[in-house]
Amino acid sequence: MKITIFGSGYVGLVTGACLADAGNHVVCVDVDAAKIERLNAGEVPIHEPGLDAVIKRNAEAGRLRFTTDPAAGVAHGLFQLIAVGTPPDEDGSADLRYVLAVARTIGEHMSDYKVVITKSTVPVGTADKVRGTVALALAARGLAIEYDTVSNPEFLKEGAALADFMKPDRVIVGTDSARASDWMRALYDPFTRNRDRMIVMDIRSAELTKYAANAMLATKISFMNELANLAEQFDADIESVRVGIGSDPRIGYAFIYPGVGYGGSCFPKDVQALARSAAEVGYDAAILNAVEAVNGRQKRVLFAKIQKHFGALRGKVIAVWGLAFKPNTDDMRAAPSRVLLEALWAEGASVRAYDPVAMPETRRIYGDRADLTLCSSSAEALVGADALAIVTEWQEFRSPDFDSLKTSLKQPVIFDGRNLYDPAQMARLGFGYYAIGRGQRNK
Ligand SMILES: NC(=O)c1ccc[n+]([C@@H]2O[C@H](COP(=O)([O-])OP(=O)(O)OC[C@H]3O[C@@H](n4cnc5c(N)ncnc54)[C@H](O)[C@@H]3O)[C@@H](O)[C@H]2O)c1
């Protein structure tokens, strides 16, 4: 089948690579000429485990191509997938300008039937706008060509995106057209062979399903962070509480880890956008607003602990392990690390930072500055630092050499934003150890 994907970011590239790997012919279109140039030179502009190999073999087989030419893209695919960004607007609502620009492009260039599929996360009602935008562009050309619009929100997780796409838990398809529904089945059949996992529903419900999923996950995180803060007040241990409640199958263990708040390109903007959509229809989304407020506070918790421990921070050097918003990605959008770094700098501290893959992204965001040293290993980051702060739970941080850690740091103090270590062991080893929600001494 012939497929065109607009937007070659985390979602577009993974989708394009996986669809090509199933034997389809895929053209990826992006407006970012530098990105397309890199892709055509065999470079993959993002860090996503396994993606390089899939892109390489499909590009070499001639099934996956990259272009900045939207007309060629529209001409190619029966399926036209929209996977461009939907960043927050100034008021928190989703900015639809990129999605609608693609819809206009499709209307301006199409000459036969298309299935227009929105993969980007978009507010309820966007499919109507996509349909209307295509219709307007066609009308301006004096043409009446048939097309269907589909909402097909994406649920992949950065860091495990290939597996999520290849073996999805579910494929949500929102459409009012039986014809489009059949085409979507044909598209996803190779990925749902052991059992049907396509859930077909009306378009608006499909759009809301994506926000509902992210809002639920964000709620779990904020809930646990609130409980963690309470555990500190009550001198209880949130890790015992976590295991205690996770054993209830109605609650489960997934997504109940306390930490430094959620970040990334999805949860923060999607919770905000849904709250904004709610406000537009006159509904006060009290839970969503609280989830966001708790998260904003939680992102400052590690800094507050550091400040409380040291008092004045001017001249202090803090080693920071982990910059990406979560392990196995280089994505730093809305990352908790950024809140910590910026708060430390504002108080006159400097940072020696290490992340296994997000250093180029850190350099791109912050450039060269005297109060930031990007180190080539976790050990190097410690040298001469007054304390260590752990922000992202990369595997390689889980079992460090505590002896050398102790000798490298000026003072043996660890601020652990991910509860990686055992407080009793840390005490035995002579560390000052502050974690999240682990009793009063962690306050
Ligand atoms: N990143 C995730 O984990 C994830 C998961 C599920 C859903 N989503 C949603 O998918 C969408 C895309 O997210 P992303 O993380 O891949 O974004 P991204 O920022 O990584 O990539 C978006 C790409 O779209 C390109 N673009 C913008 N306008 C264009 C146009 N008119 N034509 C062609 N390309 C254009 C940009 O240049 C960019 O390369 C968002 O709505 C996001 O909420 C993201």
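Here is what the cut-offs are and how they apply
Residues numbered from 1 in each chain as written. Predicted model: local features only at pLDDT ≥ 70, side-chain atom pairs only at ≥ 80, totals over all residues. Heavy atoms only, no water. Helix = DSSP H or I, 4+ residues; strand = E, 2+ residues; numbered from the N terminus. Rg over C-alpha atoms; globule rule 2.2 N^0.38 Å. Buried < 20%, exposed > 50% of the residue type's maximum accessible area, 1.4 Å probe, protein only. Pairing = 2+ DSSP bridges. Axes fitted to C-alpha atoms, helices over the stretch in contact; angles between N-to-C directions. Phe/Tyr/Trp six-rings, centres within 6.5 Å; stacked < 30°, edge-to-face > 60°. Lys NZ or Arg CZ within 6 Å of the ring centre and 35° of its normal. 1 Å grid on protein atoms, 1.4 Å probe; cavity = no way out; pocket = protein on both sides within 12 Å on 5 of 7 lines; lining within 4 Å. Points joined across faces, edges and corners; volume = space filled by probe spheres on them. Nonpolar A, V, L, I, M, F, W, Y, C, P; charged D, E, K, R; others polar. Contact = heavy atoms within 4.5 Å. Near = heavy atom within 4 Å. Polar contact = N/O pair within 3.5 Å; in protein donor to acceptor, adjacent residues only side chain to side chain. Areas by Shrake-Rupley, 256 points an atom, 1.4 Å probe, with all protein chains shown as cover.

Asks: Quick question: what am I supposed to make of the overall build of the protein here?
Replies: Counting its secondary structure elements, the protein contains 18 helices and 14 strands. Against the globule reference of 22 Å for 443 residues, the protein gives a C-alpha radius of gyration of 24 Å, in line with a compact fold. Summarising its shape, the C-alpha atoms of the protein cover approximately 75 × 45 × 45 Å along the three principal directions. For the protein, buried positions account for 54% of its 443 residues.

Asks: Teacher, can you tell me more about the sheet that holds strand S13 (residues 413-416) here?
Replies: Strand-to-strand pairing in sheets goes through backbone hydrogen bonds, with the strands running parallel or antiparallel. Read from one edge of the open sheet, 6 strands run S11-S10-S9-S12-S13-S14, paired in parallel fashion. Looking at which strands have only one partner, the edges of the open sheet turn out to be strand S11 (372-374) and strand S14 (432-434). The mean angle between the axes of side-by-side strands here comes to 20°, regardless of whether they run parallel or antiparallel. Here strand S9 (residues 317-321) pairs with strand S12 (residues 387-390) via 4 bridges, running parallel. Counterpart to Val-320 in the pairing with S12 is Ala-389.

Asks: What is the right way to read the packing of aromatic side chains from this model?
Replies: The geometry of two aromatic rings is summed up by the distance between their centres and the angle between their planes. Taken as a whole and judged by the stated rule, the model has 14 aromatic pairs. A ring pair is formed by Phe-415 and Tyr-434, whose centres lie 4.8 Å apart and whose planes are at 10°; its orientation type is stacked. Taken together, the residues span a long stretch of sequence, with Phe-415 in strand S13 and Tyr-434 in strand S14 at a distance of 19 residues. When its relative accessible area of 16% is taken as the criterion, Tyr-434 is described as buried. Between the aromatic rings of Tyr-421 and Tyr-433, the centroid separation amounts to 6.2 Å while the plane-to-plane angle is 40°, which identifies the pairing as tilted. Placement of the pair is Tyr-421 in the loop between S13 and helix H18 (423-428) and Tyr-433 in strand S14, with a sequence separation of 12 residues. Feature note: the residues Phe-402, Tyr-421, Phe-431 and Tyr-433 constitute an aromatic cluster, connected by ring pairs. A cation over an aromatic ring shows up here: Arg-170 above the ring of Phe-155, its NZ or CZ 3.8 Å from the ring centre. Over the ring of Trp-345 we find Arg-369; its NZ or CZ atom is 3.7 Å from the centre of that ring.

Asks: Can you help me understand the layout of surface pockets in this one?
Replies: Unfilled space is identified by rolling a water-sized probe across the atoms. The volume enclosed by the second largest pocket comes to roughly 220 Å³. Where the lining of the second largest pocket is concerned, the elements lending two or more residues are helix H9 (203-234) and helix H11 (267-280). In terms of residue count, the dominant contributor to the lining of the second largest pocket is H11 (4 residues). The residue inventory of the lining of the second largest pocket, partitioned by class, reads 10 nonpolar, 1 polar and 1 charged.

Asks: What is the right way to read the environment of Leu-156 from this model?
Replies: Residue placement: Leu-156 occurs in the loop between strand S6 (147-151) and helix H7 (161-166). Each C-alpha atom, one on Leu-156 and one on Pro-400, is 31 Å from the other, the two residues being 244 residues apart in sequence. Other than its neighbours up to four places away in sequence, Leu-156 contacts Val-11, Val-14, Ala-161 and Asp-164.

Asks: Can you help me understand unusual backbone geometry in this one?
Replies: Phi is positive for Phe-255, which is not a glycine, with a value near 65°. With respect to the helices and strands, Phe-255 occurs in the loop between helix H10 (238-246) and H11. The backbone phi angle of Asn-328 is positive, close to 70°, even though this residue is not glycine. Tracing the sequence through the fold places Asn-328 in the loop between S9 and helix H14 (336-346).

Asks: Would you mind going over the site of the ligand with me for this structure?
Replies: The ligand sits among 26 residues. The nearest are Asp-30, Lys-35, Thr-86, Glu-158 and Lys-269. At 2.8 Å, a backbone N or O of Val-11 approaches an oxygen atom of the ligand. Glu-158 is positioned such that a nitrogen or oxygen atom in its side chain is 2.7 Å from a nitrogen atom of the ligand. When the ligand is considered free in solution it has 830 Å² of accessible area, and contact with the protein chains removes 88% of it. Broken down by secondary-structure element, the contributors of at least two residues to the shell around the ligand are helix H1 (10-21) and helix H5 (97-109). Classifying every residue of the shell around the ligand gives 10 nonpolar, 8 polar and 8 charged.

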